[in-house]
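Here's the letter readout for the chains.
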Amino acid sequence: MTVFRIGSGAGYAGDRIDPAQDLAECGQLNALVFECLAERTIALAQLRRSQDPNAGFDPLLTERMRAVLPACVAQGTTVITNMGAANPLAAGQAVLAVARELGLPHLKVAVVTGDDVLPWMLANDVPLIDSEQTTAELRESLISSNVYLGADALLPALQAGAHVIVTGRVADPALFLAPLMHHFGWGADDWPRLGAGLLVGHLLECAAQVTGGYIADPGQFDVPDLHRVGFPLAEVAADGTAVITKLPGTGGRVDRLTCTAQLLYEVEDPARYLQPDVVGDFSGVRFTSAFAPGAPHAGGTVGATLGNDRVAVSGASGHPRPEQLKVTLGYRDGFVGEGQISYAGPGARARGELALSILRHRLAVAGLAGLEHRAELLGVNAMHGPHLGADREPYEVRVRLAVRCATRAQAERVGQEVEALYLNGPAGGGGVTQSVREVVAAASALMPRDAVQAQCHVFELRHAGAEALAAPGVPGADSISAATATNANAATVPTPVGEQTALPAAMPTQTAQPRRLQDIAIARSGDKGNRATLSVIARDPADFPLLAQLLTAERVKAHYTGVVHGDVQRHTLPHLGAVHFVMHDALGGGVTRSLALDAHGKTLSAAILDVPIA
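Conventions we followed
Residues numbered from 1 in each chain as written. Predicted model: local features only at pLDDT ≥ 70, side-chain atom pairs only at ≥ 80, totals over all residues. Heavy atoms only, no water. Helix = DSSP H or I, 4+ residues; strand = E, 2+ residues; numbered from the N terminus. Contact = heavy atoms within 4.5 Å. Areas by Shrake-Rupley, 256 points an atom, 1.4 Å probe, with all protein chains shown as cover. Axes fitted to C-alpha atoms, helices over the stretch in contact; angles between N-to-C directions. Parallel < 35°, antiparallel > 145°, perpendicular 65-115°, else oblique. Left-handed = near helix turned anticlockwise from the far one by under 90°. Salt bridge = Lys/Arg side-chain N within 4 Å of Asp/Glu carboxyl O. Buried < 20%, exposed > 50% of the residue type's maximum accessible area, 1.4 Å probe, protein only. pLDDT = per-residue confidence, 0-100. 1 Å grid on protein atoms, 1.4 Å probe; cavity = no way out; pocket = protein on both sides within 12 Å on 5 of 7 lines; lining within 4 Å. Points joined across faces, edges and corners; volume = space filled by probe spheres on them. Nonpolar A, V, L, I, M, F, W, Y, C, P; charged D, E, K, R; others polar. Pairing = 2+ DSSP bridges.

A few points about the overall build of the chain
Now for step 1: Assigned secondary structure in the chain consists of 15 helices and 22 strands.
Now for step 2: Within the chain, residue pairs in contact and separated by at least 24 positions form 77% of the contacts whose partners lie at least 6 positions apart.
Now for step 3: Summed over all atoms, the accessible surface of the chain reaches about 23400 Å², with 52% contributed by carbon and sulfur.

Considering the packing of helix α7 (residues 174-184) against helix α8 (residues 191-204)
Now for step 1: Put simply, α7 and α8 touch, their axes get as near as 8 Å, and they point 140 degrees apart. Judged by the inter-axis angle, α7 sits oblique to α8. Classified by chirality, the crossing of α8 by α7 is right-handed. Residues F176, L177, L180 and M181 of α7 touch α8, and the partners they reach there are L194, G197, L198, V200, G201 and L204.

Here we look at the pattern of salt bridges
Now for step 1: Enumeration over the complete set of coordinates arrives at 21 salt bridges.
Now for step 2: One salt bridge connects E338 with R400, and the closest N-O pair in it is separated by 3.2 Å. Highlighted residues: E338 in strand β14 (residues 324-344) and R400 in strand β16 (residues 396-405), separated in sequence by 62 residues. One exposure class covers both E338 and R400, and it is buried.
Now for step 3: Taking the shortest distance from any N to any O, the salt bridge between R404 and E372 comes out at 3.0 Å. Of this pair, R404 sits in strand β16 while E372 sits in the loop between α10 (348-365) and β15 (373-378); the two residues are 32 residues apart in sequence, bridging distant segments of the chain.
Now for step 4: Each of the salt bridges in this network shares a partner with another, and the network as a whole consists of E338, R374, E376 and R400.

Concerning the confidence of the model for the chain
Now for step 1: Per-residue pLDDT for the chain has a mean of 88; in total, 87% of the residues score no lower than 70.
Now for step 2: Every residue in residues 290-305 is under pLDDT 50, and counting partners more than four places away or in other chains gives 24 contacts.
Now for step 3: Low pLDDT, under 50, characterises residues 464-511; the stretch is placed with 132 contacts to residues that sit more than four places away or in other chains.

Concerning the layout of surface pockets
Now for step 1: Volume-wise, the largest pocket comes out at about 1300 Å³.
Now for step 2: For the largest pocket, the lining is made up of 50 residues, of which A38, E39, E266, D527 and H600 are closest to its centre.
Now for step 3: Mapped by element, the contributors of at least two residues to the lining of the largest pocket are α2 (41-51), β14 and β19 (521-528).
Now for step 4: The element best represented in the lining of the largest pocket is β14, accounting for three residues.
Now for step 5: In the lining of the largest pocket, the residues fall into 22 nonpolar, eleven polar and 17 charged.

Looking at the sheet that holds strand β11 (residues 286-288)
Now for step 1: If you walk across this open sheet you meet the ten strands as β11-β12-β8-β7-β1-β2-β3-β6-β4-β18, and the pairing is mixed. Edge positions in the open sheet fall to β11 and β18 (455-460), since each of these has one partner strand only. Averaged over all pairs of adjacent strands, the angle between strand axes in this sheet comes to 20 degrees, irrespective of strand direction.
Now for step 2: By the bridge criterion, four bridges tie strand β4 (residues 108-113) to strand β6 (residues 164-167) in an arrangement that is parallel. Bridging from a neighbouring strand, V109 pairs with V164 of β6.
Now for step 3: Packed on one face of the sheet, α7 meets β1 (4-10), β2 (31-34), β3 (78-81), β6 and β7 (232-236) and runs near 160 degrees to β1.
Now for step 4: Strand contacts of α8: β1, β7, β8 (242-246), β11 and β12 (310-314), with the helix running at about 165 degrees to β7, the strand carrying the most contacts.

Laid out in structure tokens, this is it:
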């Protein structure tokens, strides 16, 4: 069969739209995928839907569809997206409205539902992942409960020939894996190919992260024209091998380092990446810039050089899918009150520390001292705790106080106390801001596979003036329904493992000793619940032995003293020149609950690059 070309149109809800339009118009794609759901997005969308029954889907859905539908319909590109969020059927109606507006007759939209399992969760009590609580303890505050559907839930929509497929919660890589399964006819138990397709989805799901976004470091890792970075696409062969690339003339870069960084991003055990359709094994993945003589080329040429911004990926495999499904629960968890004020000039840090001292006393006066809080200086210790960077004297600092509160009134008091520093605090304070936000937290649980039923509803716009869908079976629309049992992304379930590969016996001779890790490596960090992942990748694979010797699990934990409170696990991947870490209890309770400015742990990667090399 021919190569299947699939592109990424978005890596998160607020992503740029113009790179997706470029792909739609110039990518000659078979499929274009928009991945736009974060962990708590559906819970927030459910709140919007509770206020307006026609809301609850991604606010940028219609704008994205206006940008790409004309080209995608003209070229036969299938659009797949999870922008349905908490209201996929209303999202499908919105897509048909855009098609009518653009004069696109006969547009067929498939809506995949079944991920909303709130009734089941309210009727059952199961333990939470990474917690001693059970779901029953959250019932009074529960807003949403959505299971991660897999690629199999999307197959009926593809079989129906839908131009646009809209879903709610679906595992991110499954959005890419489904069209590959459909096009190549991969079986639901073809674990090696499913694992390979899963890797393609994982590499593409964060959009520009694999084409140079979120990795640029001036003078250390330069990325050209980042202001117009191109989104990625993959040319996938029937055996699952692929070439990762981007459109010629767009900004960014695609090479071994960008692909390796994305490969390990938010993955815990590279040999056991749990997903709804398959347990991926990425431990043998290889990235190359050219095919070996005689090896099959995804583009049809044997032994050809791929050139700039073209990376061949192979070596992924897979194992039978997990037996349970992961569910994300959204629940109300009080309020966070926050206030900030800046100090600058000589003695800025000392004045900031005095301000923090005053605020600690004022919390006691307000009866809030016993609540969970963070009192810190941006520019000194807000990101990585009191140890890293504490020896530097900044010209300016910003005081930040954040407190987790039970009521809105308590949260408002926090900002008021910071504002009072204008007249009751150190000299030269300015730029006060106050905020109060209701916390919609996320928790995870597992549920039986056979308790989930996914449905596919297909609607067709008969002509440019046809009515948009209202419900399955309405006049002027075709509807089919297919129930499929699906599995959830259970990747947050930790599986303690040892080293993946033995370390080299000796280091190569070094002709010159660099000063810091930044001189020989790049790094990327991410989040998995309350765990942070950290990948450090040698620029030159020859430096991997030095990297592996330098970065032990013990040294990494010590480096992040005050940030990482749990165990650190290490995985080594010599063939990729990478050392990968999972750091437990490192994110203040997880993205949705953390009081930290960097709740996702994104900045942790920069901190490791400051490690000196003897």
